[in-house]
Structures are given as C-alpha cells and as structure tokens.
Amino acid sequence: MLLVIGNKNYSSWSLRPWLALKVLGLPFEERRVSLYVPGSKEKILEHSPSGKVPCLVDGKNVVWDSLAILEYLAERHPLWPADASERARARSLAAEMHSGFPNLRQHMSMNIRRRYPGKGRTPEVEAEIRRLVEIFSAAKAPFLFGAFGVVDAMYAPVVLRFRTYEVALPPAPRRYADAVLALPALQEWMEAGANEAEAIPQFDLYG
Ligand SMILES: N[C@@H](CCC(=O)N[C@@H](CS)C(=O)NCC(=O)O)C(=O)O
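To start, this report covers the structure provided alongside it. Owing to the predicted nature of the structure, the values given are computational and were not obtained by experimental measurement.

**Focus on the pairing of strand E2 (residues 29-32)**
Bridge count for strand E1 (residues 2-5) against E2 is 4 bridges, and the pairing is parallel. For Leu3, the partnering residue across the bridge sits in E2 and is Glu30. What joins E1 to E2 is helix H1 (residues 12-24), and the crossover it makes is right-handed.

**A closer look at the pattern of salt bridges**
Applying the stated criterion across every chain, the model contains 12 salt bridges. With a shortest N-O distance of 2.9 Å, Arg32 and Glu196 are connected by a salt bridge. Of this pair, Arg32 sits in strand E2 while Glu196 sits in the segment after helix H9 (184-194), and the two are 164 residues apart along the sequence. Linking Glu86 and Lys140 is a salt bridge whose minimum nitrogen-to-oxygen distance equals 2.6 Å. In this pair, Glu86 is assigned in helix H4 (residues 84-99) and Lys140 in the loop between helix H6 (123-137) and helix H7 (150-164), connecting sequence segments 54 residues apart. The network of salt bridges with common partners includes Arg32, Glu196 and Glu198.

**Considering the packing of H1 against H7**
Put simply, H1 and H7 touch, their axes get as near as 8 Å, and they point 125° apart. If you check the angle between H1 and H7, you find them oblique. In terms of crossing hand, the pair formed by H1 and H7 is right-handed. In this structure, H1 uses Ser12, Leu15, Arg16, Leu19 and Ala20 to contact H7, whose residues at the interface are Ala153, Met154, Ala156, Pro157, Leu160 and Arg161. Of the residues that constitute the contact of H1 with H7, the class distribution is 8 nonpolar, 1 polar and 2 charged.

**Concerning the side chain of His47**
Looking at where His47 falls in the secondary structure, it is placed in the loop between helix H2 (40-45) and strand E3 (55-58). Exposure remark for His47: the relative accessible area of 17% places this residue in the buried category. Every residue in contact with His47, bar those within four places of it in the chain, is listed here: Leu2, Val4, Arg31, Cys55, Val57 and Val62.

**Looking at the packing of aromatic side chains**
Each pair of aromatic rings is reported with the distance of its centres and the angle of its planes. Evaluation of the coordinates by the stated rule reveals 10 aromatic pairs. Between the aromatic rings of Tyr10 and Phe203, the centroid separation amounts to 5.8 Å while the plane-to-plane angle is 50°, which identifies the pairing as tilted. Of this pair, Tyr10 sits in the loop between E1 and H1 while Phe203 sits in the segment after H9; the two residues are 193 residues apart in sequence, bridging distant segments of the chain. On the basis of relative accessibility, which here comes to 6%, the residue Tyr10 falls in the buried class. Site record: aromatic cluster; members linked through ring pairs are Phe136, Tyr155, Phe162 and Tyr176. Over the face of the ring belonging to Trp80 we find Arg91, whose NZ or CZ atom lies 4.6 Å from the ring centre.

Procedures and definitions
- Residues numbered from 1 in each chain as written.
- Predicted model: local features only at pLDDT ≥ 70, side-chain atom pairs only at ≥ 80, totals over all residues.
- Heavy atoms only, no water.
- Pairing = 2+ DSSP bridges.
- Helix = DSSP H or I, 4+ residues; strand = E, 2+ residues; numbered from the N terminus.
- Right-handed = clockwise from strand over helix to strand, strands pointing away.
- Salt bridge = Lys/Arg side-chain N within 4 Å of Asp/Glu carboxyl O.
- Axes fitted to C-alpha atoms, helices over the stretch in contact; angles between N-to-C directions.
- Parallel < 35°, antiparallel > 145°, perpendicular 65-115°, else oblique.
- Left-handed = near helix turned anticlockwise from the far one by under 90°.
- Contact = heavy atoms within 4.5 Å.
- Nonpolar A, V, L, I, M, F, W, Y, C, P; charged D, E, K, R; others polar.
- Buried < 20%, exposed > 50% of the residue type's maximum accessible area, 1.4 Å probe, protein only.
- Phe/Tyr/Trp six-rings, centres within 6.5 Å; stacked < 30°, edge-to-face > 60°.
- Lys NZ or Arg CZ within 6 Å of the ring centre and 35° of its normal.

This is the structure:
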C-alpha cells in the first residue's frame, strides 16, 4: 500500500489514516508531498483524483478522503466497535468530526511545532470545544470505544490542536487525550512534524 500525505506538521487529514495504518501495524509506503508550493498539486494528482491528500493506493484500489480510507481499512481490520449500538454511535461521531467543527478548523488549525496558548477562542470555538470535552469525557478507557478505532483516528488531530493551543481539560477528557498522545505512532508523527523544514505561512495562524 502507498499512502500519499501532506506536511506532518499541518495536515490533520493525513494524520488520520496514517495513524490507523501504524496502530494496525500494516506495512505501507509513505509519500509525503509538501503542500501549497509550486508543483504540489501536480504531485498529488499523480495519485489522488480529488487533488487532495490523503490518498491510499492499494493495488488497483485508489481511495481518497481520510474517512473513506479508514472505512476501507475497517473492512479487513476491527476498527469499529463490535456492538451494533456502539457502532452506530461511533459512526455518528466519525461523521460529526468529518463534517463539523468548522470554527475549530479555522481558528485552531493543526500546527505541531507551534504553541498558541489561549489563541483562537471565539465563542463559536468555545462551543465546539465544549462539545469535544463532552465526547472525550464519555470515552471508555483507554480510547473512545475501548480499543483504538476509526473514531480515535478521526479525533487524534483535535488532541494535537488542544496541545498546541493549550486547552485545559477536566480529568476524564484529559485521560483520553493523554492515551492518544501516548501512542508510539502519534509520537513518531509528532517528531517528524516538528522536524519538518517547510512552513506554510497561512497556517501559522498567530505568528
Ligand atoms: N475531506 C478530505 C479533505 C482533504 C483535504 O482537504 N486535504 C488538504 C490537506 S491540508 C489538501 O490536500 N490540500 C492540498 C490542496 O488542496 O492542494 C479528507 O478527509 O481527506
């Protein structure tokens, strides 16, 4: 399998399937494209018909979009809860993340190597943070539904945003965030992101 991704410092979408592949221990080749520089769109389009990352190429199967890739992996690996009711809730949470939280995305974009304590807290962002605290508070230990799954991959970028913007969390959501941060795969991604040379100025939101 080949996974085409963007800059690890910034690309929250790329992190999701990369993390799942790593946690599952699946072998894959990684192709990192530096985003928003001349030639990057062409490089992405060599693989991804949408012109966006992430994109997974598995033999004749090309899967673009982070949630679609996670669903593809979940066909062969236990990334959804076994219980149907829990699965319904997990799917709702994954969809909520995929189509929601627009204010958080805009004002607290992922940026592993920066620290922006307290920045970006518009009233709308605060409301989205409250919703995330509610979701994290309901986590079964250590992850949202016990074992690591699609939902945790979907919410991992938020855990990194909370770290960058130093969002204070009550004990229960803090425990969930710490469990995600402790994943060796996430540590590997964070280290690589922090050491990337490229900067995308429009994503360094607060200097
Ligand atoms: N809904 C898509 C969004 C993908 C997306 O927006 N990717 C951005 C990553 S920052 C991208 O590829 N941007 C590069 C470009 O548009 O040239 C997903 O979940 O995969």
